[in-house]
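# Structural overview for review
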Amino acid sequence: LPVHARAEAAAELPWTLHATGVLAAGHRAPDLEIGAGPWPPAGAVPVDLSRYEDPEPAEAGSASGLRAAWLQDGEVFAEVALAEEARTHGTFAMHPALLTAAVRAAGLLGTEAAEGTLSTLTGTVPVEWRGLTLYAGAATALRVRLTATGQDTVELVAVDEEGAPVISVRSLTLRPAAEVETAAEADERRPSPLFGLDWVPAPTAPNTTASFTGRRCAVLGDTLTAVDGSFVRAGSLRELLDSGEPLPDLVLAPAISDLTGHHEHQEPLPVRMRAVTGAVLDLLRTWSADRRTAGSRLVFLTRGAVATAAGEDVRDLAAAPVWGLVRSAQSEYPGAFLLLDLEDLRDTHTATTLRTVLPALPALLDAGETQAAVRGSEIRVARLTRLPQGPVPSPEHGIRSWNRDGTVLITGGTGALGGALARHLVAAHGIKHLLLVGRRGPDAPGAEELRAELAAQGAEVTVAACDVADRTALDGLLADVPAEHPLTAVVHTAGVLGDATVGSLTPALIDRILRPKADAAWHLHEATSGLGLAGFVLYSSVAGITGGPGQGNYAAANTFLDALALHRTALGLPAVSLAWGPWAQDGGGMTGALSDSDLGRMARSDLAPLPVETGLALFDTATARDEALLVPVLIAEGARERAALTTAEIPAILRGLLRRRRRTAAAAHGRTTGLGRRLGG
């Protein structure tokens, strides 16, 4: 019989195993000697308990639960009783405070009646119980006999005030309290279920004398106009492949939108986003379908499409989805593609940076790195890292800072994830005004029942039909928010799935995912940036961080959400993007529509589906932190043990979480595909 527990407010954490035991049928005859004779026993020496009193008892059943005690022939006889207030807290077979007081009396063993301090009673804790038998329940007072049976073991027998047996323990092992970890200490030590994306200096590699001249490196297109003659130039990948010459070792493909700053001449961001992702998709499909690329690497160059440090802006938001798209392609074609983000926006400096960085790329590629960024003279690589447990948030952080008289807008608000969050905000946080938005509005399945349920709890709920990806429709929606309940927070949970591998992915399939997720998020940002929001939360996915086979469009859309959150924080606006792991099917959301093959893939990833209550607790924790990008995921039970058996290559982004395991020569094939399997180390 295992006994697990966890703090009531820590549903995002796994259960802590506190005890294991075996329940057996049968009846052990009680030792009636203690109840049959006089009480206290003749000749027992009373103990002055005043020296043991706790001036500020933390709980009923601390030292104050001990009413009287006597010593005789190496035994302790004690009277313990519940405080009056503890007797109103429900009926227990054995009240824990009463049992605690009885056990603490064992601290008097080996002392003289005139010796000892408070620590005598509170300095030891029970760690093992053997032969425990309960004869009667609901006791409020006990007469206890404690007999030493070893250096750190005692026998305990207790009867009620009439001498009838209540409980006996054949052998109780005690340990100094300082040596026993408390539940709170275990919670602090337990790894956080929140991860973050960190950018660390690239591992030092041996100096290389390789020279990227002649046919070694090529540049596609005319975006980088200042590169010198040491680079082979080609208008397109097709032109390079059909030139009749061997394909260079590295092919650089700029993936950069218009960063001139002349906003009046720029296309809208959603248009530029599609232009960049469409061009990259075309390169990915051409490269992966042509056998002539087998000995070369395609390097996608972005400028300011990622942020590598807190407060750094993502200046090329339109190119940010490229990172999710390519991460997915990397999982389908390991070793074929590299992502490289440059810092400087001036083309002449880009060429200088490339000449400096290129000699280091062979070592990066040989080490299995898949994504890197250049900042100053340093090359940084991406690592997923486990975040430490944060301090208790102040009232100025997280949901506690949201205006209780304001309105919270939830996109996808009538869906499973949005509906669960709406219930949570009302029940747990006292939010009284909700605007739940979806394409179908009140006609969505369950929408009216959800509204009625929340209204019964005192919330004022508006369910509206609105295509948030349509800026005009969104502006109309926001105009109807009542002035007496102004918008205080936005939570963007809307999104759809549409898996396709690189070979079958099309611009139309990318658009289908970008529109409700990325376009809508951008319009929400623009439409609310001047409203003084207290919260702006984006529901993203871990697929955008790590990539995943067949999820290029989904990863691209979610990477944009991550970048937008970073962009907003750089502007001084509130934002957090939560790159969720999978939710349990009873939580609906994205997993509610998955096929059996999708669920099988999730199981192989070793990520445990998030129960709804765990996800909502993580929402509270994450929104109270300062990071703009967080990755809340749960690792499946047994993932760590399975990880110890794998010999496959560890993807670079996960190397900050575990050490490389030694591989035997007989198992020299394959890459690890289980995310949780690698996180579990």
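Use the structure listed above.
As a starting point, this report considers the structure included with it. This structure is a prediction, so every number in the text was calculated from the model and none was measured. (Residues numbered from 1 in each chain as written. Predicted model: local features only at pLDDT ≥ 70, side-chain atom pairs only at ≥ 80, totals over all residues. Heavy atoms only, no water.)

### Considerations on the overall build of the chain
As a reminder of what qualifies: By definition, any uninterrupted DSSP run of H or I lasting at least four residues is a helix, any uninterrupted run of E lasting at least two residues is a strand, and each is numbered from the N terminus. Burial classes follow relative accessibility: with a 1.4 Å probe on protein chains only, a residue under 20% of its type's maximum area counts as buried, one over 50% as exposed, and anything between as partly exposed. Residue contacts are counted whenever heavy atoms from the two residues lie within 4.5 Å of one another. Exposure was quantified through the Shrake-Rupley algorithm and a 1.4 Å probe, taking into account, for residues, occlusion by the shown protein chains and nothing else.
Helices and strands together make up the secondary structure of the chain, namely 19 helices and 26 strands. Here the chain holds 681 residues, and 50% of them are scored as buried. Of all intrachain contacts in the chain linking residues separated by at least 6 positions in sequence, the fraction that spans at least 24 positions is 73%. Roughly 30,600 Å² of accessible area belongs to the chain as shown, and the carbon and sulfur atoms make up 52% of that amount.

### Here we look at the sheet that holds strand β8 (residues 153-159)
Condition: DSSP calls a pair of strands paired once it identifies at least 2 bridges connecting them.
If you walk across this open sheet you meet the seven strands as β3-β4-β5-β7-β8-β9-β6, and the pairing is antiparallel. Each edge of the sheet is formed by a strand with only one pairing partner; in this case those strands are β3 (45-46) and β6 (124-134).

### Focus on helix α10 (residues 416-429)
As a reminder, the rule being used: By this rule, a helix spans an expected 1.5 Å times one less than how many residues it contains.
The first and last C-alpha atoms of α10 sit 19 Å apart over 14 residues, in line with the 20 Å expected at 1.5 Å per residue. The element α10 is largely enclosed, with a buried count of 10 among its 14 residues. Within α10, burial applies to Leu417, Gly418, Gly419, Ala420, Leu421, Ala422, His424, Leu425, Val426 and His429. Phi turns positive one or two residues past the end of α10, at Gly430, with a value near 70°.

### A look at a nonpolar patch on the surface
Rule in force here: Each patch is built from salt-bridge-free residues with over 30% relative accessible area, joining like charges within 9 Å and nonpolar side chains (Val, Leu, Ile, Met, Phe, Trp, Tyr) within 5 Å. Here, a salt bridge means any side-chain nitrogen of Lys or Arg that lies within 4 Å of a carboxyl oxygen of Asp or Glu.
A cluster of nonpolar side chains, namely Leu1, Val3 and Leu23, defines an oily patch on the protein surface of about 330 Å² accessible area. Tracing the chain through its elements places Leu23 in the loop between β2 (16-20) and α1 (33-36).

### Notes on the pattern of salt bridges
Summed over all chains, the structure comprises 19 salt bridges. Of the charged contacts, one joins Arg383 and Glu369 as a salt bridge, the two residues approaching to 2.7 Å between their closest N and O atoms. Here Glu369 lies in the loop between α9 (361-366) and β16 (371-375) and Arg383 lies in strand β17 (residues 378-386), a separation of 14 residues in the sequence. One exposure class covers both Arg383 and Glu369, and it is buried. In this structure, the salt-bridge partner of Arg423 is Glu453, at a minimum N-O distance of 3.0 Å. Taken together, the residues span a long stretch of sequence, with Arg423 in helix α10 and Glu453 in helix α11 (residues 447-456) at a distance of 30 residues. Since its relative accessible area comes to 33%, Glu453 is described here as partly exposed. The network of salt bridges with common partners includes Arg238, Asp242, Asp290 and Arg292.

### Considerations on the nonpolar core
What counts here: Residue types Ala, Val, Leu, Ile, Met, Phe, Trp, Tyr and Cys, when buried and joined through side-chain atoms within 4.5 Å, form a set referred to as a nonpolar core. Either an automatic procedure or a domain database provided the assignment from which the domain bounds are taken.
Core analysis: the biggest nonpolar cluster contains 92 residues, and Leu284, Phe300, Phe337 and Phe560 have the highest contact counts within it. For this core, the domains that each give at least three residues are domain 2 (199-384) and domain 3 (397-657). Excluding residues within four positions of it along the chain, Phe337 makes contact with Leu284, Trp287, Leu298, Phe300, Val326, Ala329, Gln330 and Thr370. With 39 residues, the next largest nonpolar core counts Leu387, Leu454, Val461 and Ala622 among its residues.

### Structural notes on the packing of aromatic side chains
How we decide: Only the six-membered ring of Trp is used, alongside the rings of Phe and Tyr, when aromatic pairs are assigned; centres must lie within 6.5 Å, and planes under 30 degrees apart are stacked while those over 60 apart are edge-to-face, with the rest tilted.
Summed over all chains, the structure comprises eight aromatic pairs. Seen from their ring centres, Trp39 and Trp70 are 5.7 Å apart, and the 80° between their planes marks the pair as edge-to-face. Here Trp70 lies in strand β4 (residues 66-72) and Trp39 lies in the loop between α1 and β3, a separation of 31 residues in the sequence. By relative accessible area, Trp39 is classed as buried at 18%. Judged by relative accessible area, Trp70 falls into the buried class, the value being 12%. Plain terms: the ring middles of Tyr539 and Phe619 are 6.3 Å apart, the flat faces sit at 55° to each other, and that makes the pair tilted. Taken together, the residues span a long stretch of sequence, with Tyr539 in strand β22 (residues 535-541) and Phe619 in helix α17 (residues 612-623) at a distance of 80 residues. Following the ring pairs from residue to residue traces out a cluster consisting of Tyr539, Trp580, Trp583 and Phe619.

### Remarks on the environment of Ile510
Topologically, Ile510 is positioned in helix α13 (residues 507-528). With a relative accessible area of 3%, Ile510 lands in the buried category. For Ile510, the residues in contact, after removing those within four places along its chain, are Thr277, Leu281, Leu505 and Asn553.

### Observations concerning the pairing of β8
The buried count for β8 comes to six of seven residues, which makes it a mostly enclosed element. Pairing analysis gives six bridges linking strand β7 (residues 141-148) to β8, with the strands arranged antiparallel. Within β8, the position partnered with Thr147 by the bridge is Glu155. Between β7 and β8, which follow one another and run antiparallel, lie four residues. Pairing of β8 with strand β9 (residues 165-176) involves six bridges; the strand directions are antiparallel. Note on β9: the bridge partner recorded for Thr153 is Thr173. Connecting β8 to the next strand, β9, in antiparallel fashion are five residues, including Gly163 with a positive phi near 90°.

### A word on the side chain of Glu369
Defined as follows: Pairs of N or O atoms within 3.5 Å make up the polar contacts considered here, provided that, within protein, one atom can donate a hydrogen while the other can accept it, and that residues adjacent in sequence are counted only when both atoms are side-chain atoms.
By relative accessible area, which is 4% here, Glu369 ends up buried. For Glu369, the side chain forms a polar contact with the side chain of Arg383, separated by 2.7 Å. With near-sequence residues (within four places) excluded, Glu369 lies in contact with Pro203, Leu338, Leu364, Val381, Arg383, Ala652 and Arg655.

### Topic: helix α15 (residues 552-570)
Here α15 contains 19 residues, and its C-alpha end-to-end distance of 27 Å stays within 8% of the 27 Å for a straight helix at 1.5 Å per residue. Of all 19 residues in α15, 17 are buried; the element is thus mostly enclosed. Phi turns positive one or two residues past the end of α15, at Gly572, with a value near 85°.

### Considerations on the packing of helix α7 (residues 320-332) against α15
Just so we agree on the cut-off: Axis lines are fitted through C-alpha atoms, for helices just across the contact stretch, and the angle between N-to-C directions can take any value from 0 to 180 degrees. In this scheme, a crossing is called left-handed if the near helix is turned counterclockwise away from the far one by less than a right angle; it is called right-handed if the turn is clockwise. Amino acid classes used here: Ala, Val, Leu, Ile, Met, Phe, Trp, Tyr, Cys and Pro are nonpolar; Asp, Glu, Lys and Arg are charged; the rest, including Gly, are polar.
Their axes nearest at 7 Å, the elements α7 and α15 cross at an angle of 140°. At the point where α7 passes α15, the crossing takes the right-handed sense. Where α7 abuts α15, its residues Ala320, Pro321, Trp323, Gly324, Leu325, Arg327 and Ser328 lie against Gly552, Ala555, Ala556, Thr559, Phe560 and Ala563. Partitioning the contact of α7 with α15 into residue classes produces eight nonpolar, four polar and one charged.

### Looking at unusual backbone geometry
Backbone torsion omega between Trp39 and Pro40 reads -5°, so that peptide bond is classified as cis. You can see Pro40 is positioned in the loop between α1 and β3. Of note, the phi angle at Asp73 is positive, near 50°, even though the residue is not glycine. Examined against the element boundaries, Asp73 turns out to sit in the loop between β4 and β5 (75-81). We classify Asp73 as exposed; its relative accessible area is 75%. Positive phi, normally seen in glycine, also occurs at Ala138, with a value near 65°. Mapped onto the elements, Ala138 comes out in the loop between β6 and β7.

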